[in-house]
Structures are given as C-alpha cells and as structure tokens.
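Per-entry structural report
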Amino acid sequence: MRRLIFLGGAGFLLLFALSFVKPASAASSTMYTWTPSKLYKTASGAAYSRNVNSGTAVTVYSKSGKRYKVKAGGKTGYIYADNLTRSKVKKEDYFGSKIYKQAAGGPYVASVPAGKMMYIKMEATKNGMYLAHVIGTGYSGYVDKTHFIKPVVKYTWMPSKLYTSATGNSYNKTIKDGQKVSVFNGSHGRYQVKAGNSSGYIYANNLTGLLAKKTVYASSKLYTSASHTKYTAVIRPNQQVYVKESTQNMSHICVVGTTQSGWIYTSHFTKPAPAAGGTTSTTTGTSQTGSSTAGGKTTGTATGSTSGSTGSAAATSGTTTTGNTGSGSASGTTTTGNTGSGSTSGTTTTGNTGSGSASGTAATGNTGSGSASGTTATGNTGSGSASGTTATGNTGSGSASGTTTTGSTGSATASATTTKGLDVSHYQTLTQDSFNLMKSQGYNFVILKATEGSGYTDSKFYTYYKYARNAGLSVHAYHMIGNSTTTSAQHIAEAKHFYQVLAQTKAKTGYAFTGYAFEDIEPTGTNSITTTWWANAAPACAGYFLNEMQTLGQTKVGIYAGYFNWKSYLEGHTDSWPSNTKIWLARYNITLGTNADVWQYTETGTIDGITGHFDLDISYDPDF
C-alpha cells in the first residue's frame, strides 16, 4: 500500500513538473495588427481586456477557431486572425481614395484625401485592391493598390476629356493643353490621373512625358499621320504648337489653344536664317565665253544697278549689272554681257567674255580657262574643272568631281562617284524582298536606326541588318541623341549603348558590323534640344560621343544634322571630333549647297514595289 502511495506521489510530482514545461504550441512567430484589434479573454467569448492599436507587433502562440492566442504588451489573450498580418507594411495614399467594404467596389465607408498613411494587410490583395486601415481613424476596408504607387508626372499636349471611368463615354470636364497631371495607372488605353483637384481618366495618347512648346516658322500642312499622305488643314507661320513626339522628320503636334492636331515637318520649327541678300533668281545662261567658276546658289541683296560703265569700276551687291567694260566685279542676281577681267558672283552668268569667275547655279557653254564648281556645268571648253553634280560634254584638260561625267573629251578624271542609298527604321514595314528590290533598283547602301538614348534599341535593327546584307547592300547605322545635357557622362553612356548594340550584330545576324556609325543630332519630342543647346553645347557634346565610339573600337564614325543646324552651329567647330568624321546632312527640295559625305535630299521618296515613303540619300564617298 505504501508502495502504491509512493508511486502515486511520484506521479503527482511528475505531473506537477510537467506543468512547467513550455507547451508545444508556444511562441511560433511575430505578427502585426494592420487594424485596431480587441484582445479577447478567450478564444470564443465576447469579453476583452484591452484594445491593441494598428501596427502593433504581437507574439503568436497558437490558433483556435478564428482567433490567435497572442501576447501583446505583456498581456495574453486572443485576436481575430483576420486582424493580423505577417509583414508590417505602412504606405502613403498618393491619390486620395474611397474605402470600400468589398474588394469588388460598391458601397464605401469613407473617402480620404491624398497623403494619408495606411497599414496594409498584404495577404488580402483582391481584384487589384489592398485591405487597409487609415492610421489615426476608424476606417478600414479595400483601397485600389495603384493609389500607393508614387505617380508619374505627364502633360497634356492637346485638350483632353477627363472621363469618369476607364471605359465609359461620360466625362466631367476637359483639361486644356499644356496641363500637368499625375498619372497613377492605365487600362483600356486610358490613364487614371489627377489634374489639380480633379480626377478621372485621360487617353494615354493625349499625354506626353516632356512638354515641348515650339513655333512653326513655315506654312505647314497638318497631316493625319507621319507618312504625310493626307492633310486636314494648313498652319500659318508663327503659330505656337505643343509637340508630343517626332519621327521620320515629322512631328506630332497640337496648335496651342485649339483642337487642331496632326503631323507637320520637323524642319518647319527651324527659324530661317536672316536674309543674306534678297531673292534668288535661277536663269540658265547661254554662249558664255571666258574662264568661269560656278560654285553654288548665291543669294544677293538688290541695293542698286550699274549700267554701261567703262573703266575700273566695281558694281557690288546689285540686282543687275549690264554691259560693263573693264576690271569690275558684279555680285548680284544676274550679270549679262560683261567684258574684261572681272568676277561675277550670282545665280546666273550669261554670255560673259574675259577671264572672270562665275559663282552661280548654272554655267552653260563656257569657253576659256575657268573652273565651274556648281550644280551643273555643260558644254565647257578649255582647261577648267567642274566640281558639281553633273559635268556633260566637256572638252579640255579638266577634272570633273561630281555625280556623272558624260561624253568628256581630253584628260578629265572623275575624282568622286556618287551612289544611291536610303535610311530606315522600325517605322517602315520591310521584308527580305524589300531590300532585294532596293538593290535591283540601283540602291547601294542603307543606313539603319540602331539605338536612341542610353537604353533603347530599334526593334527592327538586327532583322533589317540581316536582310540588307543578304541583298548585297552596304549597311551603316545611326543613333538618335536622347538627351541634351551638357555634361559628358550622358553622351558617353549613349555611345557605349550604341557600341554594344553594334558589337552584337555578328551574334544576332551572322554578319559583323563593318559600316559607319552616325550620331543623329536633331530635336525630338523627348531630348529637349533647344537653340541655346545648339549654340553653346552641340559641338562639344558630339565630340564626347564620337570620341567615345572610337575609344571603344568603332573607328568609322559620323554626324547627321540638318543643313541649317550644321551651317549655324557645327561647321567650323569640329576641332574636338575625330579627324575622319563623316558628315551626313539633310536638306530637302533644294541643292545641298555645301560640302558633305552624304546628302539626304528627300523624306518623301518612293521605291517601286515597296509601300510607303523613304528618306533617300546620295553619297559622295566611295566608302558607301
């Protein structure tokens, strides 16, 4: 009996000791209250000992039914499982939101302004909504999760309706062009935005990241697309417009203060240079005798006329100088029948006799020891040199440096041969057959867009590169400048991106890149290039880019620019560039009028069998 009592005592002692052992369900994790919570006394009762604030850490022991047994602030009790979350997440509502009862929307419990801080139950994301509690209030419910993402600033480049939903036709108001809006998210082609104190949805196409306001200096057709095949209106000069984007030498614009929008030529934003001398006359002369030099189109200022002068008189910058005899010089639009040792600098020189020089567009039927360096030199006789586009039927010991030398007699040499080419990007829809057609129609080279900025790669570069090489074309590439910063780092970064894309050409296409790499310097809707930048920074920034390309190993480099910007800001300021930099210039519907390696002479060219318009080029360089 005593033995049993002893064992019973031992069992009692054992049970007593076990009561101090930590239970298997003890302290498994730390969780947080995302909403204010009651600390209940039991797992199922209604009595509670205290309130626990939102954002409080609690120690969780076990779960019983819908409640967790927890320890909060030194007290143990039970909190509803739905009131706890494993991550303490505190977010700012940037938009200002309705607090909905259900994740599907419907009735809501409150509206809160932007800037409110909330605790989020991360596990309860439903239908794109967070279960949230507004700190310092009694409001809890579902909130659109995109409202917690810091908005992106964009601008309306055209008047825009502020719709009440992402899909409906109802709208509250119209937002004027040039307004700043905060963009939160997008769906169905519209962005959810806040414009001032108003919120709603605006079509994504009506917004732009950078707002560029420009003046149109030329009468411009307002085309319906960048392919400029149909237009709806004509914009008069000196109108101000907002520019959304630019491509293919076209800009997408809206006339400020109106609903007129469409595409115009980007070149129409270039302010014309001050008139150097009035109007230009283009009259082809005949039976010119003497030594003449034709060197481009010259614009003269009509300030007077000298007629029938004899002796050593100088008639300068006049509209017409007629029948002069002696050693004079006439710099005007037309010089007719002059005799003596003078020089004429005008558009047309007709029937002149003597040892003079004619610097104009056309020199026809010239005889003597002169040189013709203009657009056309035809039927010249003597020891002259024709440096222009076409030299035809020349006789004597001269040299023709131009596009074509036809029927020449004597010791003439062609020091340059032009070739046809074009430049394309992903905006053109092309196939292998397209490039085969280019080759069959006499095109020798193509320049492909490869990159823009420090991260963008043209989606068709590698595909078109392979097609062009397969067709037997000489292939080159260009990079669109992405930023107008004046520091070197950005331009070096862009050069590195361009180089890396070119370096992968062999792996992507089977052909190594062997052509020229051009930097395209022109304003776009995103690079913020201004007249100030052109005047103060353009040559240096181009130098950063070109020199980095050569440092990386791309020795063949070049620059693309419009004629006006080249003549105004770049020409004569290239000391910091690599000495072998090729020059590619754009000038439409007129002679180039300056020296360049490649001339882009139209943006509306066509190729038989291929749909669309193309930028067409002429190269004066045998490397192309």
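Each residue is numbered by its place in its chain's sequence as written, counting from 1. Per-residue local features are limited, in this predicted model, to residues with pLDDT of at least 70; the limit for side-chain atom pairs, both in listing and counting, is 80 or more; totals at the level of whole chains, interfaces and linings are taken over all residues. No hydrogens and no water enter the side-chain calculation; it runs on all heavy atoms of the structure.

1. Considerations on the environment of I610
- If you trace the backbone, I610 turns up in strand 48 (residues 610-619).
- A relative accessible area of 11% means that I610 is categorised as buried.
- Residue contacts are defined here by distance: any two heavy atoms, one from each residue, within 4.5 Å place the two residues in contact. Contact partners of I610, with chain neighbours within four places excluded, come to L430, S434, L437 and M438. Secondary structure counts use DSSP, requiring at least four H or I residues in a row for a helix and at least two E residues in a row for a strand, with both numbered from the N terminus. Each residue gets one of three labels from its accessible area relative to the maximum for its type: buried under 20%, exposed over 50%, partly exposed in between, using a 1.4 Å probe on protein chains only.

2. Topic: the packing of helix 4 (residues 488-503) against helix 7 (residues 538-552)
- A fitted line through C-alpha atoms represents every axis, and for helices the fit uses only the stretch in contact; the resulting angles, taken between N-to-C directions, go from 0 to 180 degrees. Close contact between helix 4 and helix 7 brings their axes to 8 Å; oriented N to C, the two are set at 40°. Considered as vectors, helix 4 and helix 7 are oriented oblique to each other. Like other packed secondary-structure pairs, helix 4 and helix 7 cross with a definite hand, here right-handed. Here helix 4 contributes S488, H491, I492, E494, A495, K496, F498, Y499 and L502 to the contact with helix 7, which in turn contributes C541, Y544, F545, E548, M549 and L552.
- Along the lines of polarity and charge, the residues of the contact of helix 4 with helix 7 split into ten nonpolar, two polar and three charged. To sort the angles, those under 35 degrees are grouped as roughly parallel, those over 145 as roughly antiparallel, those from 65 to 115 as roughly perpendicular, and the leftovers as oblique. A clockwise turn of the near helix away from the far one marks a right-handed crossing, whereas an anticlockwise turn of less than a right angle marks a left-handed crossing. The nonpolar class holds Ala, Val, Leu, Ile, Met, Phe, Trp, Tyr, Cys and Pro. Asp, Glu, Lys and Arg form the charged class, and all remaining residues, Gly among them, are polar.

3. Some details on the pattern of salt bridges
- By definition here, a salt bridge exists when the distance from a side-chain nitrogen of Lys or Arg to a carboxyl oxygen of Asp or Glu is within 4 Å. Inspection of the entire model under this criterion finds four salt bridges.
- D82 is the partner of K121 in a salt bridge, and the nearest nitrogen-oxygen pair spans 3.9 Å. Here D82 lies in the loop between strand 6 (75-80) and strand 7 (84-85) and K121 lies in strand 11 (residues 116-126), a separation of 39 residues in the sequence.
- The exposure class of K121 is buried, given its relative accessible area of 10%.
- For D82, a relative accessible area of 55% puts it in the exposed group.
- Among the ionic pairs, E452 bridges to K449, the shortest N-O distance being 2.7 Å. K449 matches E452 in its accessibility class, with the two residues each being buried.

4. Some points on the packing of aromatic side chains
- Each Phe, Tyr or Trp ring, with Trp reduced to its six-membered ring, pairs with another whose centre is within 6.5 Å; inter-plane angles below 30 degrees give stacked pairs, above 60 give edge-to-face pairs, and intermediate values give tilted ones. In total, this model carries 28 aromatic pairs according to the counting rule given.
- Here the aromatic rings of F435 and Y464 are separated by 5.6 Å at their centres, their planes lie at 55°, and the arrangement is tilted. With F435 in helix 2 (residues 432-440) and Y464 in helix 3 (residues 461-470), the pair connects residues that are 29 residues apart, well separated along the chain.
- Residue F435 is classed as buried on the basis of its relative accessible area, which comes to 0%.

5. Some details on the environment of I492
- Following the sequence through the fold, I492 ends up in helix 4.
- Once the C-alpha coordinates of I492 and L546 are considered, the two residues, 54 residues apart in sequence, prove to be 8.7 Å apart.
- I492 has contacts with Y544 and E548, leaving out every residue within four places of it along the chain.

6. With respect to helix 2
- S434, F435 and M438 are the residues of helix 2 that are buried. Summarising the axial view, the buried residues of helix 2 lie within an arc of 95°, below the 170-degree limit, and thus occupy one face. Residues of helix 2 that are exposed and point more than 90 degrees away from the buried face comprise D433 and S440.
- Taken together, the buried residues of helix 2 touch strand 40 (419-424), strand 41 (443-452), helix 3, strand 47 (598-607) and strand 48.
- Of the residues one or two after helix 2, G442 is the one with positive phi, at around 95°. Arc definition: directions from the helix axis to the C-beta atoms.

7. Here's the deal with the confidence of the model for the protein chain
- When pLDDT is averaged along the protein chain, the result is 77; 72% of the residues meet or exceed 70.
- Confidence scores per residue from the predictor, reported as pLDDT, run from 0 to 100. Low pLDDT (under 50) marks residues 1-25, which in the prediction has two contacts with non-local residues, meaning those over four places away or in another chain.
- Note on residues 275-416: pLDDT is under 50 here. Beyond four places in sequence and across chains, it has 325 contacts.

8. Section: the nonpolar core
- Among buried residues, the Ala, Val, Leu, Ile, Met, Phe, Trp, Tyr and Cys ones that are joined through side-chain atoms within 4.5 Å form a nonpolar core. The biggest cluster of nonpolar side chains holds 53 residues, and the ones touching the most others in it are L422, F435, M438, V446, F461, L502 and W533.
- Per-element tally for this core: the top contributor is helix 7, with six residues.

9. What to know about the pairing of strand 6
- Being paired, for any two strands, means DSSP has found at least two bridges between them. Taken together, the six bridges between strand 5 (residues 67-72) and strand 6 define a ladder with antiparallel strand orientation. The residue bridging K71 from the neighbouring strand is T76, located in strand 6.
- Counting the residues in the hairpin turn of strand 5 and strand 6 gives two residues, including G73, whose phi is positive at 60°.

10. Notes on the side chain of S198
- Secondary-structure assignment places S198 in strand 19 (residues 198-203).
- In protein, a polar contact requires one atom able to donate a hydrogen and another able to accept it; more generally it is a pair of N or O atoms within 3.5 Å, and residues adjacent in sequence count only if both atoms are side-chain atoms. One polar contact links S198 to K173, side chain to side chain, over a distance of 3.4 Å.
- Sequence-distant contacts of S198, that is, excluding residues within four places in its chain, are made with L162, K173 and V193.

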